Amino acid sequence: MINLLWTGGWDSTFRLLCALIIEKQKINLFYIYFHNRKSRDVEVRQMKKIIKKIKKFYPELADNLSDITIVSDKILPHNKKIDNYYESLISKYHVGKQYRWLAAFAESREEEYFEAAIAKYHNRENSISAVLLKNTNGIGPDCKLKERVSDKDLLLFRKFKLPTLHLTKPEMEKIARENGFMNILDYIWFCHRPRFNYIPCGKCVPCKLVVESELAFKMALFSLFFYFRKYKNSNNIFKAISLKRESARRFKVSLAEQVEM
Ligand SMILES: [Zn+2]
């Protein structure tokens, strides 16, 4: 039985589908409902859509999924140790705010481990995934923190297994296509401040990560335009158009290289 911290985003939904469809695992789903996050209701809506698609395409596996346990951030206990690890980590690496709360949640529970999906990033300085790669043993569902870590603040992740840490997003897409569940993965959500509850804003951190990762071509032009306006001080729509094209081209090349390997 896997305890998965699901966000409705690319990485954790990919993990959910791998565990369910490839590994035939039983999965307990947990979602932390952050009241300050504007996307919270869109995330819940998309997760329900994903569950519906799973039931439609894999009815024989649907019983292996628990209902989603939705935990309000308002009832999460403050954990002084975790707060200290987190404050210290963010001065050194890029670490999402949610990990402070996911870790506090995990620490407050009796389960030995929770799976948290963090992808491998290429070409990103100070990414937490690069540091975690050096401080974990095992691969896929067995990937967890080493007993001796190079930085004690990494103990923030001590109750997590990190099944996607060795995979980039294009590698995940390739696995999803090979196993026939890309059509479900297309329902994921990532933006924290969606416009009209449907269009990624292009300005929040997850949007920035998607634009700067290998998946920029998946963003709407509108979203890319707002990305350029906020982060590159440019109102030129052609920059958005050319990034979308260039990213789609790079993505195809990167997939082809992986196939050759
Ligand atoms: Zn956004």
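Being a predicted model, the structure only gives us computed values, none of them experimental.

Across the ten residues that make up helix α4 (residues 98-107), a large majority, seven, are buried. If you follow the buried residues of α4, they end up packed against β1 (2-5), β2 (27-33), β3 (65-72), α3 (80-90), β4 (114-115) and β7 (160-161).

With domains assigned, the chain is organised as domain 1 (2-161) and domain 2 (191-260). The C-alpha centroid of domain 2 is placed 24 Å from the C-alpha centroid of domain 1. Counting residues at the interface gives five residues for domain 1, matched by six residues for domain 2. Grouping the amino acids of the side of domain 1 that touches domain 2 by side-chain chemistry returns two nonpolar, one polar and two charged.

Next up on the list: the pairing of β2. The sheet contact formed by β1 and β2 spans four bridges and is parallel. Within the sheet, the bridge partner assigned to L5 lies in β2 and is F30. On the question of chirality, the crossover connecting β1 to the parallel β2 by way of helix α1 (residues 10-22) is right-handed. Two strands pair when backbone bridges link them, and β2 and β3 are joined in this way by six bridges, in the parallel orientation. Looking across to β3, one finds that I32 is bridged to V71. The parallel pair β2 and β3, bridged by helix α2 (residues 40-57), forms a crossover whose chirality is right-handed.

Parameters and conventions
- Residues numbered from 1 in each chain as written.
- Predicted model: local features only at pLDDT ≥ 70, side-chain atom pairs only at ≥ 80, totals over all residues.
- Buried ≥ 20, exposed ≤ 12 C-beta atoms within 10 Å, placed from the backbone.
- Helix = DSSP H or I, 4+ residues; strand = E, 2+ residues; numbered from the N terminus.
- Contact = placed C-beta atoms within 7 Å.
- Domains from an automatic or database assignment.
- Nonpolar A, V, L, I, M, F, W, Y, C, P; charged D, E, K, R; others polar.
- Pairing = 2+ DSSP bridges.
- Right-handed = clockwise from strand over helix to strand, strands pointing away.

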